[in-house]
Amino acid sequence: MRELLRSPGYRKALLFASLIGVPVSLAAFWFLAGLHELEHQLWDELPRQLGWDTPPWWWPLPLLTLAGLVVGLVVRHLKGAGGHLPAGGLHAGGMTPGALPGVLLAALASLPFGAVLGPEAPLIALGGGLALLFARLARAPASPQSAALLGAAGAAAALPAIFGDPVIGAVILIEVAGVGGPQLFAVMLPALLASGVGSLVFTGFGRWTGLSTGSLSLDLGVPAPRLDAGDVVWSVLMAVAIAVVLHFVLDGGRLTAAFIARSPVVRTAVCALAAGVCAAVYALTVDRSPADVASSGEATLARMAQDPHAWGVGALVAVLVCKAVAYALCLGGLRGGPVFPALFLGAAAGVLLAPLPGLGIVPGMAAGMAAASAATLRLPVSSVVLVVLLLGGAGMTPVVILAAVTAFVTAQLLPAGHPVPALGEPAGPPPGTSARAPQDRPAHT
C-alpha cells in the first residue's frame, strides 16, 4: 500500500477524484431536486388544482403509460438504452458519457411518473459518467484501471445525495464492484453472522447479570426496544420467507425484460400500464392513494414508520401484493434502482407480522427491511449499514445482521432464475427463424 501511495499516477488519481466530487455532487443534488419537484407537481399539486385532495384511482394509468412510451423510445433510439435494467441489480461501471442523456431522460420519465423504482441506479450512472467526461475534458491519461477508479469515485460522490451518508455509498460501491470476488463474501458472511450472534450474547448477558464490559458506545438519547428470543426467531423466519418471495418478484422482473426485448416501445408501455393498473386496483380496494403503490416507496415508508398503526391488515396485504407485482413489471421495463421499493416491501411485511407473539413493530420493520434489501441487492454488508443508518441507532443491529445474512444465504441457495437479456438484444429468435446455439454470457449479480 505504501508503494501504491507513493506512485505519482495514483496520487494524481486521488487528487482528480477529490476535485470531481464537487461538480458530481452538485449535479446529483439538482438531479434529485428536479425528480422530487416533478413528482410533487404530478402527484400533489396537479390533483389539487383539478379538485382532488389525493390522486384519484385512475391517476397512475396515463402517467405510467406515458413513462413506458418515453422509456421505450429511449431504449430503441438513444445510446446506452437508458441505462442498466433494474432487474439485473446495481452495477458499478460500464456507463459512458455518451449514454448520459438517455439515462437521465429515462429516469426523468420513469421515477416522477410513478415507476416502482428508486433513483440510486441513475445516480450511479450519472456520477460515473460525469467523472469520465471530466477526465476526458481534462485530457487525463486513460486506461481501463483509471476509468474504473474514476467511475467508482464519481458514483460514490453522487450516492450520498440520496442516502444522506457518505459511508453507505462507499460500502455499496465496494460490494457492487465485486472487489475480492466470491472470496470476499466467503470470508465476510461468517464474520458478519458471528458478529450479530456475539452481539446478542453480550446484550443478553449484560441484561441478566447487570455487569458491563466497558465497550465503546454512544448514547443517542433515543430509547431502543429490548430484543428478546421472540424477535430473533421471528426475524430469521421472516428473512427466509421474504427472500423466497422476492426471488420470484425479481424473476418476474427478468421475465418482463425478456418480454419487452423484442418490441421495446409498445411492450414497455404495456408493462408500465399494467403497473398502473396495480396501483389503481389497490386504490379501489382499500380507498387509499394509488401513490402508495405507484412510487419508489420512500415517502410512504417514512409515513409508515411514523404511524404504523394507521395501516390496517387489509391495507398492508393489498399494498404488499399490488406493489410487488408492479415492482416486478417496473424492474423489467422502466429505469431506476431496486433499493427503495425493496425496503418498503420489507418494512410493510414487518408491520404486518408485528402482532406475532414475541415480535414488535420496530424489530419487525428492521428485520424486514434488512432481509428485503439483502435478498434483492445480494449485498449483505451494504444492507446492514443502510438499515442501521435508516433506523438512526444501533439497538436493532443484531436482528438486522441475522436477517440480512439469512436472506442473503437463502437467496443464493434458491435455483437461478431467468437470465437478464442484454440491452438492445432480443430475448430469443424472431418467429419463423431457427434458434441458434446459446452463447455463454456472464451472469448479472
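Positions within a chain are numbered from 1, following the residues in the order the chain's sequence is written. Only residues with pLDDT of at least 70 are given local features in this predicted model, and only at 80 or more are side-chain atom pairs given and counted; all residues enter the totals for whole chains, interfaces and linings. Water and hydrogen atoms were dropped before computing side-chain values, which therefore reflect all heavy atoms in the structure.

Q: Any chance you could break down unusual backbone geometry for me, citing the residues and the numbers?
A: At aspartate 287, a residue that is not glycine, the phi angle is positive and equals roughly 60 degrees. One can find aspartate 287 in the loop between α11 (264-286) and α12 (298-306). Although it is not a glycine, arginine 378 sits at a positive phi angle of roughly 60 degrees. Counting from the N terminus, the helices are DSSP H or I runs at least four residues long and the strands are E runs at least two residues long. Relative to the helices and strands, arginine 378 is located in the loop between α15 (361-377) and α16 (380-391).

Q: Give me the lowdown on helix α13 (residues 313-333), citing residues and values where you can.
A: Spanning 21 residues, α13 covers 30 Å between terminal C-alpha atoms, matching the ideal 30 Å at 1.5 Å per step. Using a 1.4 Å probe on the protein chains alone, a residue whose accessible area is under 20% of its type maximum counts as buried, one over 50% counts as exposed, and one in between counts as partly exposed. The buried count for α13 comes to 16 of 21 residues, which makes it a mostly enclosed element. In a helix, the anticipated span is given by 1.5 Å times the number of residues less one.

Q: Which residues make up the packing of aromatic side chains, and what values do they have?
A: Pairs were defined over the aromatic rings of Phe, Tyr and Trp, the Trp ring being its six-membered one, requiring ring centres within 6.5 Å. Orientation was assigned from the angle between planes: stacked under 30 degrees, edge-to-face over 60, tilted for the rest. Counted under the stated rule, the structure contains five aromatic pairs. Between the aromatic rings of tryptophan 58 and tryptophan 59, the centroid separation amounts to 5.6 Å while the plane-to-plane angle is 50 degrees, which identifies the pairing as tilted. Taking the relative accessible area as the measure of exposure, tryptophan 58 reaches 33% and is therefore partly exposed. Its relative accessible area of 5% is what places tryptophan 59 among the buried residues. A network of ring pairs unites the aromatic residues Trp52, Trp58 and Trp59 as a single cluster. The aromatic ring of tryptophan 311 is capped on one face by arginine 288, whose charged end is 3.9 Å from the ring centroid. One Lys or Arg, lysine 323, reaches over the ring of phenylalanine 344 and ends 5.1 Å from the middle of that ring. The criterion is that NZ of a Lys, or CZ of an Arg, lies within 6 Å of the ring centre and within 35 degrees of the ring normal, and then a charge sits over that ring.

Q: Lay out the pattern of salt bridges in plain terms, naming residues and giving numbers.
A: Salt bridge, as used here: a side-chain nitrogen of Lys or Arg that lies within 4 Å of a carboxyl oxygen of Asp or Glu. Taken as a whole, this structure holds four salt bridges when the rule is applied. Arginine 254 is the salt-bridge partner of aspartate 251, the closest N and O atoms lying 3.6 Å from each other. Here the residue aspartate 251 and the residue arginine 254 both occupy positions in helix α10 (residues 229-261), the gap between them amounting to three residues, near one helical turn. Taking the relative accessible area as the measure of exposure, aspartate 251 reaches 12% and is therefore buried. Its relative accessible area of 11% is what places arginine 254 among the buried residues. Of the charged contacts, one joins arginine 288 and aspartate 292 as a salt bridge, the two residues approaching to 3.3 Å between their closest N and O atoms. Overall, the relative accessible area of 4% leaves aspartate 292 in the buried class. Each member of the salt-bridge network shares a partner with another, and the members are Arg288, Asp292 and Arg303.

Q: Explain the environment of glycine 312 to me, and be specific about the residues and the numbers.
A: Structurally, glycine 312 is set in the loop between α12 and α13. Assessed through its relative accessible area of 36%, glycine 312 is described here as partly exposed. Note: C-alpha distance between glycine 312 and valine 351 (39 residues apart in sequence) is 9.7 Å.

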